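# A closer look at the structure
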Amino acid sequence: MSAIFTIPIEWYILLSTVLFSIGVLGVLFRRNAIIIFMSIELMLNAVNLLLVAFSSYLSDSKGQVFVFFIMAVAAAEVAVGLAILMMVYRNSKSSDINDLSKLKW
Amino acid sequence: MITTYLFYLLAFLSIMFGLMVVFAKNPVHSVLYLVITFFTIAGQYVLLNAQFLAAVHIIVYAGAIMVLFLFVIMLLNLNKETEPHKSLWLKLSATIASGLLLVVLVGSLKNAGTIPHPANFNTNIGLIENLGKTLFNDFLLPFEVSSILLLAAMVGAVMLGKKSIK
């Protein structure tokens, strides 16, 4: 059972593009910082899907190894980001990104 | 034939639950929808002969990262609909902006060069043996650097999470 013989790669490119746009929509649409983090995860996964698709269509396992590195970076990003979010919540009692405008002049 | 239907089903489910992540009122529901989205993406990996990556994806994302998200949401007591929403104008402009991004990306990728169907297609590249060989032959230095990255992230998260830094 392999999708590669029946589905052209354009469908995977289209699916990844749609998922990435949904992630961008989430970042722009919501004010809750946790939801924005989740949208960033969605964008990373769209890119991962595209990397796996190209790696599979080209019979080259380097793309799948790159997905491992992206997963490691995503895990590190989530750990540090959620720690920062905890600090922000401890100081401002909300996770609304509009409260984080002290650097704006 | 069943592979095609499976692809369409998984693609539909991932797009639908991805939209529900963005539009769900309750943050806990958003996390659960995102977990379902990750499971559908893992299904796509299985369809693409990346079985080991599908398992790792489920373990790392659905098992670790989303549990971390749920834990923080419970800790911050955000599991109620108290979130202030953006104004209608900002929401409309956000929707238009991301829709325009989608149109531009699809339009620019539509006429990109395509890959011909591979004649001698290797179905074993997604197995752990081949991935390990590639990882430790070609990507040994990035592998070690990523371990330093994880160590730095761990130290940073612990330092940020402390009550007060003296």
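Residues numbered from 1 in each chain as written. Chains lettered and ligands numbered in written order. Predicted model: local features only at pLDDT ≥ 70, side-chain atom pairs only at ≥ 80, totals over all residues.

## Section: the overall build of chain A
Along its length, chain A carries three helices and zero strands. Traced from its N-terminal end to its C-terminal end, chain A shows the element sequence α-α-α. For 105 residues, the compact-globule estimate of 2.2 N^0.38 gives 13 Å, and the C-alpha radius of gyration of chain A, at 17 Å, exceeds that figure by more than 25%. Its C-alpha atoms give chain A principal-axis dimensions of about 55 × 25 × 25 Å. When each of the 105 residues of chain A is scored for burial, the buried share is 50%. (Helix = DSSP H or I, 4+ residues; strand = E, 2+ residues; numbered from the N terminus. Rg over C-alpha atoms; globule rule 2.2 N^0.38 Å. Buried ≥ 20, exposed ≤ 12 C-beta atoms within 10 Å, placed from the backbone.)

## Quick word on the overall build of chain B
Within chain B, the regular secondary structure consists of six helices and zero strands. Reading the helices (α) and strands (β) of chain B from amino to carboxyl end gives α-α-α-α-α-α. Relative to the compact-globule value of 15 Å for 166 residues, chain B shows a C-alpha radius of gyration of 21 Å, a clear excess of over 25%. Expressed along its principal axes, the backbone C-alpha trace of chain B runs to roughly 55 × 45 × 30 Å.

## Remarks on the environment of Gly81 of chain A
Along the chain, Gly81 of chain A falls in helix α3 (residues 62–92). Along the chain, Gly81 of chain A and Asn32 of chain A lie 49 residues apart, while their C-alpha atoms are 13 Å from each other.

## Description of the interface of chain B and chain A
Contact with chain B, which involves 71 residues of that partner, is made by 63 residues of chain A. Sorting the residues of the side of chain B that touches chain A by element identifies α1 (2–23), α2 (27–47), α3 (51–76), α4 (88–110), α5 (128–138) and α6 (140–161) of chain B as the ones contributing at least two each. Grouping the constituent residues of the side of chain B that touches chain A by class yields 47 nonpolar, 20 polar and four charged. (Contact = placed C-beta atoms within 7 Å. Nonpolar A, V, L, I, M, F, W, Y, C, P; charged D, E, K, R; others polar.)

## Concerning α2 of chain B
Quick reminder: α-helices carry 3.6 residues per turn. Residues three or four places apart thus point the same way. Taking 1.5 Å of rise per residue, the 21 residues of α2 of chain B would be expected to cover 30 Å, and the 30 Å separating its terminal C-alpha atoms lies within 8% of that figure. Of the residues trailing α2 of chain B, Asn49 of chain B is marked for its positive phi of about 65 degrees. (Expected span 1.5 Å × (residues − 1).)

## Observations regarding the domain arrangement of chain B
Taken domain by domain, chain B consists of domain 1 (1–80) and domain 2 (127–166). Of note, the centres of domain 1 of chain B and domain 2 of chain B, computed from C-alpha atoms alone, are 23 Å apart. (Domains from an automatic or database assignment.)

## Things to note about the packing of helix α2 (residues 33–57) of chain A against α3 of chain A
Residues and elements named next belong to chain A. Remark: α2 packs on α3, axes separated minimally by 9 Å, with the N-to-C direction vectors making an angle of 175 degrees. As judged from the angle between their axes, α2 and α3 are roughly antiparallel. Side by side, α2 and α3 meet where Ala33, Ile34, Phe37, Glu41, Leu44, Val47, Asn48, Leu51, Val52, Phe54 and Ser55 of the first sit next to Lys62, Gly63, Gln64, Phe66, Val67, Ile70, Ala74, Val78, Gly81 and Leu85 of the second. Here the contact of α2 with α3 is composed, by residue class, of 14 nonpolar, five polar and two charged. (Axes fitted to C-alpha atoms, helices over the stretch in contact; angles between N-to-C directions. Parallel < 35°, antiparallel > 145°, perpendicular 65-115°, else oblique.)

## A short note on the confidence of the model for chain B
Residue and element names in this part refer to chain B. Of the residues in chain B, 91% reach a pLDDT of 70 or more, and the chain-wide mean stands at 87. Ranking the elements of chain B by mean pLDDT puts α5 last, at 89, and α2 first, at 93. Interface confidence in the predicted complex, given as ipTM, is 0.90; pTM for the same model is 0.90. (pLDDT = per-residue confidence, 0-100.)

## Thoughts on the nonpolar core
In terms of nonpolar packing, the biggest core is built from 62 residues, with Ile34, Met38, Leu49 and Val52 of chain A together with Leu34 and Tyr45 of chain B touching the most fellow members. A per-element tally of this core places α2 of chain A first, with 13 residues. Sequence-distant contacts of Leu49 of chain A, defined by excluding residues within four places in its chain, comprise Tyr12, Leu15 and Ser16 of chain A together with Ile41 and Gln44 of chain B. (Core = buried A, V, L, I, M, F, W, Y, C linked by C-beta atoms within 7 Å.)

## Quick notes on unusual backbone geometry
For Ser59 of chain A, which is not a glycine, the phi torsion comes out positive at approximately 55 degrees. Checked against the element boundaries, Ser59 of chain A lands in the loop between α2 and α3. A positive phi is found at Asn49 of chain B, a non-glycine position, where the angle reads about 65 degrees. Tracing the chain through its elements places Asn49 of chain B in the loop between α2 and α3.

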